[in-house]
Amino acid sequence: MEGFNLKFVFCLSAIIFLIYFAKHSHAEAKVDGFTTDFISRDSPRSPFYNPSETKYQRLQKAFRRSILRGNHFKAMRASPNDIQSNVISGGGSYLMNISLGTPPVSMLGIADTGSDLIWRQCLPCDDCYKQVEPLFDPKKSKTYKTLGCNNDFCQDLGQQGSCGDDNTCTSSYSYGDRSYTRRGLSSETFTIGSTEGDPASFPGLAFGCGHSNGGTFNEKDSGLIGLGGGPLSLVMQLSSKVGGQFYCLVPLSSDSTASSKINFGKSAVVSGSGTVSTPLIKGTPDTFYYLTLEGMSVGSEKVAFKGFSKNKSSPAAAEEGNIIIDSGTTLTLLPRDFYTDVESALTKVIGGQTTTDPRGTFSLCYSGVKNLEIPTITAHFTGADVQLPPLNTFVQAQEDLVCFSMIPSSDMAIFGNLSQMNFLVGYDLKNNKVSFKPTDCTKQ
């Protein structure tokens, strides 16, 4: 299985952009599409990288983040007006490098598919946490503007927005770990640079300029880039210009020079032989991307989906929009009753002696890697059968421990990034569908 080599956390490289924009003009240009790197938070290129940790320690942290992220998503669904994103314990697994302002100021931010608003700490800062990168100074940018309370972007904040005495729009968030941030909603020119060709610039994008932030934020955090489905995310603010996105995640066993990419616009079209598509379902909150999972097949045995139900004798059937697809969650979380049926079918086919995960993360593990006959698991989404080879379903959690990378959950279903490796995963935001195409992502 993928060598179970943890060089997992997708090391990324080379930024390629296909755009038409004059470097020194601030007029909006027609952008056909562009591609940029997804830098794993555990990659040597990431400021979060700790060279003293073993590959298994980094994996275990990613596994724990999956569980914490599921809890965070649950809180957002239950109370979407109170919690936006937990940057430290539930933040996304990737970083993106963008610039804002004129002249451009670089920002390496957490790319979070589980939140919307783009934000970074700004001057003047009344109460900021310590960060390595300099704070953004709006006074040095020719294109910075504060937004008033009647602005459409301010209205998109809903109950998370408020109006100051000077009619400026403010966003305030409190987090599950008691962190907090208060930001003035502003607009700015965002530039996504390139080592090849001219950079792509997008004027007038909304973002939060944080003037009072505290709690458990890390000094290496300079901000967050929301990639969710809400109107204030980078993806949705660019949707009228680029129309869609896709990413391709390299497998854990890939060489460290391989990179994961996220693509926007015409370069984000997923089509051709082997492509399957399923409807993208609107849900609450609109930050999340929902799909409908109808069941899974383990080899030739099909297991019907069972949802979350208080009546244990009659689990809920597959409802529309019953699972979130998320590139920032490592593991796949399934409803407990459904998971039990899938695991049962899996152990019948694999045979052999199971073992216990000493850390308690996984429910199904085997000691050793050799002689395991792991079947292909097919995820049956509405209109799309996605075949998952062992690369996508088992992970080497320790030197002598191989585990099923799907785990049971009592209240949240998430299709995580291990299940998405070596697929082009495309989000067509105009036609509301998600497409999957088996691909060697190391060659993308």
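1. As for unusual backbone geometry
- Residue Thr102 is joined to Pro103 through a cis peptide bond whose omega torsion reads 5°.
- Within the element layout of this structure, Pro103 appears in the loop between β3 (94-100) and β4 (105-112).
- At Asn422, a position not held by glycine, the phi torsion is positive, near 60°.
- Mapped onto the secondary structure, Asn422 falls in the loop between β26 (414-415) and β27 (423-428).

2. Some points on the packing of aromatic side chains
- Inspection of the entire model under this criterion finds 13 aromatic pairs.
- Each member of the aromatic cluster is reached from another via a ring pair, and the members are Phe136, Tyr144, Phe190 and Phe207.

3. Focus on the state of the cysteines
- All chains considered together, the criterion is met by six disulfides.
- Two residues, Cys149 and Cys163, share a disulfide whose sulfurs are 2.0 Å apart. Looking along the S-S bond of the Cys149-Cys163 disulfide, the torsion reads about 100°, which is the right-handed sense. Pair noted here: Cys149 is in the loop between β6 (145-146) and α2 (152-156) and Cys163 is in strand β7 (residues 161-163), with a separation of 14 residues, a long-range link.
- Cys163 sits in the partly exposed class, given a relative accessible area of 45%.
- The disulfide partner of Cys248 is Cys441, and the S-S distance across this bridge is 2.0 Å. What sets the handedness of the Cys248 and Cys441 disulfide is the S-S torsion sign, and at about -85° it is left-handed. Pair noted here: Cys248 is in strand β12 (residues 244-248) and Cys441 is in the segment after β28 (433-438), with a separation of 193 residues, a long-range link.
- Sequence-ordered numbering of the bonded cysteines in the protein gives a pairing of 1-8, 2-3, 4-6, 5-7, 9-12, 10-11.

4. Looking at the confidence of the model for the protein
- The pLDDT averaged across the protein works out to 78; a share of 76% of its residues lies at or above 70.
- Taking the mean pLDDT of every element in the protein, the minimum, 23, falls on strand β1 (residues 16-18) and the maximum, 98, on strand β21 (residues 377-381).
- This model gives residues 1-30 a pLDDT under 50, and the stretch forms 111 contacts once residues within four places in sequence are excluded.

5. Observations concerning the sheet that holds strand β20 (residues 365-367)
- Reading across from one edge, β20-β24-β23 is the order of the three strands in this open sheet, with antiparallel pairing throughout. Since the sheet does not close on itself, it has two edges, and those belong to β20 and β23 (394-398), each with one partner. When strand polarity is set aside, the average angle formed by the axes of neighbouring strands in this sheet is 30°.
- As judged from the three bridges shared by β20 and strand β24 (residues 401-404), these two strands associate in the antiparallel manner. Across the sheet, residue Tyr366 finds its bridge partner in β24, namely Val402.
- Helix α4 (residues 336-350) rests against β20, β23 and β24 of the sheet, and its axis sits at about 130° to β24.

6. Points about the pattern of salt bridges
- Inspection of the entire model under this criterion finds three salt bridges.
- Here Glu133 ties to Arg120 by a salt bridge, and the two come within 4.0 Å at their closest N and O atoms. One end of the pair, Glu133, is in the loop between β5 (119-121) and β6; the other, Arg120, is in strand β5, and 13 residues separate them in sequence.
- Overall, the relative accessible area of 26% leaves Glu133 in the partly exposed class.
- The partner of Lys443 in a salt bridge is Asp440, with the nearest N and O atoms 3.9 Å apart.

Here is what the cut-offs are and how they apply
- Residues numbered from 1 in each chain as written.
- Predicted model: local features only at pLDDT ≥ 70, side-chain atom pairs only at ≥ 80, totals over all residues.
- Heavy atoms only, no water.
- Helix = DSSP H or I, 4+ residues; strand = E, 2+ residues; numbered from the N terminus.
- Phe/Tyr/Trp six-rings, centres within 6.5 Å; stacked < 30°, edge-to-face > 60°.
- Disulfide = S-S within 2.5 Å.
- Buried < 20%, exposed > 50% of the residue type's maximum accessible area, 1.4 Å probe, protein only.
- pLDDT = per-residue confidence, 0-100.
- Contact = heavy atoms within 4.5 Å.
- Pairing = 2+ DSSP bridges.
- Axes fitted to C-alpha atoms, helices over the stretch in contact; angles between N-to-C directions.
- Salt bridge = Lys/Arg side-chain N within 4 Å of Asp/Glu carboxyl O.

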